[in-house]
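# Inside the fold
Chain residues, written in single-letter form:
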Amino acid sequence: MTQTSDIPAARAASPDGEAARRRRRVHRAWFVAAVAFVTIIGAAAFRSLPGLLIDPLHQEFGWSRGTIGLAVSINLALYGLTAPFAAALMDRYGIRKVVAVALTLIAVGSGLAVWMTAAWQLLLCWGLLVGLGTGSMALAFAATVTNRWFTERRGLVTGVLTAAAASGQLIFLPLLSWIVQEHQWRPAAVTVALAALAVVPFVWLLLRDHPADVGLAPYGAKEFVPKPPPVPGAARRTLGVLFSAARTGPFWLLAGTFAICGASTNGLVQTHFVPAAHDHGMPITAAASLLAVIGVFDVVGTIASGWFTDRFDARRLLAVYYALRGISLLFLPMLLAPSVHPPMIFFIVFYGLDWVATVPPTIALCREHYGEDSAIVFGWVLASHQVGAAVIAFAGGVARDVFGTYDVVWYASGALCAAAALMALVIRRGGAGTRVRVAAA
C-alpha cells in the first residue's frame, strides 16, 4: 500500500513530471502580451480624443479649425515618425521604461491641456507630447514584443495586438464623446490623463523586457535565448537601420504597399467616407455608424489575418488583401445612396475585415528580411503608412473641390490597391542572406 501511494509522488518528482507541469503552466509571454494589449488599447483611445475637441475648442477659444487640425496633424505625424526611434530606445533602455515614460508623456500632455489658453499650447500638449507618447506605443511596440517573447504564434499575437488599436477606439470613443457632450472637454482630457497613469503600475510590475529576465525561453522556443546587450546610440541606430534597409528592394516594396494601405484606410475611408455618403443624401449619423461597424469587424479580420500569417505565405496574403480591397473600392460609388441597403452593409463588413489585415503579414515580412532590426524597419514602414494617409486625406478633399464628387478618388484608390497587390507579389523571399547584407551595409 505504501509503495502504491508513493508512485504519484515519484512521478511528480521525476524530470518528466516536472516538464509536464511546466508545459501546463501558462507561459509568461501571454501575460506580457496581455499588458501590451491593454497598453495599445489605451494609446488608441488617447489618439481618438483630439477629433472630439475640434468643435468645443473652436467654440470656447475661437481658434480656427485649421489651427486645431494642425495639432491633430502633428499628432498623426509623430505617431508614425516616433515608432522607429521608440523601437531602438526599447533595445537600448528596455520595453518597460520606454512604455512607462510614454504613458507619462500622454498624462502630462492631456493634463496640462486643461489649463491652456493659447493655440501654441494645444500644439505642444496634444500635438507634441501626446503624439510622442502614443507613437512610442504604436505597432512597432507590438512588433518588439512578439519578436522577443514569441517563436510560435507570432502571427496570431501580432493580429491580436494590432486589433487592440481598433478595440481602444471602440471602447473609449463612445465614452469620451459622451463626456465631452455632457460635461465639456476638460473632464474628457482629465479622463485620458488618469487612464494613462493607471496603466503605468501594470506596465512596471508585469511587463518584462526579455524572457531571459525571468529565466524563460521565448514561447515555442526549443532552447534558452540569452538577453542581448543594450544597443547604444538609439537615434544613430534608427537612422542607420533606415539607410541600410533603404538599399534593399523589399523595404521600398513594403513601404510602398503600406503607404497605399494608409491611403486607402485612414486617409480615404476614415476621412472622406462620411462626407461622400452625405453627398448622396445619407444622414451623417448613419454614415458615422457604418464607420463604427468597420471598427468592429476590423478586430475580427486582424486576428484572423494573424492566424493566416502563421500558416500561409505573407506575400500572397498581402496580394489577396490589396486586390480585394481595390475591387471593393471600385464598386463603392455605385453603392452610395440616401439609405443603408444590404450591398452597402456587405461592403462595410468586408472593408472592416480587410481594414488592417495587412499588418500581420507586413510585420512577418519585415521579420523575415531584417531579423533583429525588423521592429525598427517596421517602424519606418509604419511611417510611410501615415504619410500615405496624410497625402490622400488632403488630395481627396482637393479632388472633391475640383470635380464636385468623390468618384475619381474611389477609382484612383482602387487602382492604387491593384498596384499594391502586384508589389506584394514581387517581394522576394527573405532569409539569412538578406539580414547579413543589411547588417553589413
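Please read all numbers here as calculations on a predicted model, not as lab measurements.

## Description of the overall build of the protein chain
- For the protein chain, the helix and strand inventory stands at 20 helices and 0 strands.
- Looking at the protein chain as a whole, 49% of its 441 residues are labelled buried.
- For the protein chain, restricting intrachain contacts to residue pairs at least 6 apart in sequence, the fraction spanning at least 24 positions comes to 82%.
- Accessible area for the protein chain stands at about 19600 Å²; split by element, carbon and sulfur atoms hold 68% of it.

## Observations concerning the confidence of the model for the protein chain
- Summarising the model, the protein chain shows a mean pLDDT of 81, and 87% of its residues fall at 70 or more.
- Element-level mean pLDDT values for the protein chain span from 43 in helix H1 (residues 2–13) up to 94 in helix H19 (residues 407–425).

## Notes on the environment of Arg 237
- By secondary structure assignment, the location of Arg 237 is in helix H11 (residues 234–245).
- Classification of Arg 237 as buried rests on a relative accessible area of 16%.
- Here the alpha-carbon distance between Arg 237 and Ala 88, two residues 149 residues apart in the chain, equals 6.9 Å.
- Dropping the residues within four chain positions of it, Arg 237 is found in contact with Ala 88, Asp 91, Val 231, Glu 372, Asp 373 and Ile 376.
- Side-chain polar atoms of Arg 237 contact the side chain of Asp 373, separated by 2.7 Å.

## Overview of the packing of helix H12 (residues 249–267) against helix H15 (residues 314–335)
- Here H12 crosses H15 at 35°, and the two axes come no closer than 12 Å. Pair H12 / H15 crosses with left-handed handedness. Facing Thr 257, Phe 258, Cys 261, Ser 264 and Thr 265 of H12, the residues of H15 in contact are Tyr 322, Arg 325 and Leu 329.
- Split by residue class, the contact of H12 with H15 holds 4 nonpolar, 3 polar and 1 charged.

## Here's the deal with a nonpolar patch on the surface
- On the surface, Val 320, Leu 324, Ile 327, Leu 330, Phe 331, Met 334 and Tyr 411 cluster together into a nonpolar patch covering about 660 Å² of accessible area.
- In terms of residue count, H15 provides more of the nonpolar patch than any other element does, 6 residues in total.
- Mapped onto the elements of the fold, Leu 324 is located in helix H15.

## Some remarks on the pattern of salt bridges
- One pass over the full model with this rule turns up 8 salt bridges.
- Residue Lys 227 is joined to Asp 213 by a salt bridge in which the shortest nitrogen-to-oxygen separation is 3.2 Å. Residue Lys 227 is found in the loop between helix H10 (185–206) and H11, and its partner Asp 213 is found in the loop between H10 and H11; the two are separated by 14 residues along the sequence.
- On the basis of relative accessible area, Asp 213 is assigned to the partly exposed category, the value being 37%.
- For Asp 354, the salt bridge identified is with Arg 325, shortest N-O distance 2.9 Å. Separated by 29 residues along the polypeptide, Asp 354 in helix H16 (residues 342–354) and Arg 325 in helix H15 bring together distant segments of the chain.
- Residue classification places Arg 325 among the buried positions, given a relative accessible area of 0%.

## Structural notes on helix H6 (residues 95–112)
- For H6, built from 18 residues, the straight-helix expectation of 26 Å at 1.5 Å per residue is met to within 8% by its first-to-last C-alpha distance of 26 Å.
- Residues of H6 that are buried: Ile 95, Val 98, Val 99, Ala 100, Ala 102, Leu 103, Ile 106, Ala 107, Gly 109, Ser 110 and Gly 111.

## Quick notes on the nonpolar core
- Among the nonpolar cores identified, the biggest contains 62 residues, and Val 269, Phe 273, Met 344 and Trp 410 are the most heavily contacted of them.
- Of all the elements, helix H18 (residues 374–403) adds the most residues to this core, at 10 residues.
- With residues up to four places along the chain from it excluded, the contact list for Val 269 reads Ser 264, Leu 291, Ile 294, Leu 329, Tyr 351, Trp 355 and Trp 410.
- Counting 53 residues, the second largest nonpolar core, distinct from the first, contains Leu 57, Met 90, Ala 142 and Val 199.

Definitions and cut-offs
Per chain, residues are indexed from 1 in the order of the written sequence. Residue-level local features of this predicted model are given only where pLDDT is at least 70; pairs of side-chain atoms are given and counted only at 80 or more, and the full residue set underlies all totals for whole chains, interfaces and linings. Working from all heavy atoms in the structure, the side-chain values ignore hydrogens and water. The numbering of helices and of strands both runs from the N terminus, where a helix is a DSSP run of H or I of at least 4 residues and a strand a run of E of at least 2. Throughout this description, buried means an accessible area under 20% of the type-specific maximum (1.4 Å probe, protein chains only), exposed means over 50%, and partly exposed covers the range between. Residue contacts follow a heavy-atom distance rule, with two residues in contact if any of their heavy atoms lie within 4.5 Å. Only the protein chains shown count as cover for residues, and the accessible areas themselves come from Shrake-Rupley with a 1.4 Å probe. The score called pLDDT rates the predictor's confidence residue by residue, from a low of 0 to a high of 100. What qualifies as a polar contact is a pair of N or O atoms within 3.5 Å, subject to a donor-acceptor requirement within protein and to the restriction that residues adjacent in sequence count only when both atoms come from side chains. Lines fitted to C-alpha atoms define the axes here, with helix axes fitted over just the stretch in contact, and angles between the N-to-C directions of these axes take values from 0 to 180 degrees. Take the far helix as your reference; a near helix turned counterclockwise from it by less than a right angle gives a left-handed crossing, and one turned clockwise gives a right-handed crossing. Charged residues are taken to be Asp, Glu, Lys and Arg, nonpolar residues to be Ala, Val, Leu, Ile, Met, Phe, Trp, Tyr, Cys and Pro, and polar residues to be all remaining types, Gly included. Only residues whose relative accessible area exceeds 30% and that take part in no salt bridge are eligible for patches, with like-charged residues grouped when within 9 Å of each other and nonpolar side chains (Val, Leu, Ile, Met, Phe, Trp, Tyr) grouped when within 5 Å. The working definition used for a salt bridge is a side-chain nitrogen of Lys or Arg within 4 Å of a carboxyl oxygen of Asp or Glu. Here the expected span of a helix is defined as 1.5 Å times the quantity of residues minus one. Residues grouped as a nonpolar core are buried Ala, Val, Leu, Ile, Met, Phe, Trp, Tyr and Cys residues, joined through side-chain atoms within 4.5 Å.

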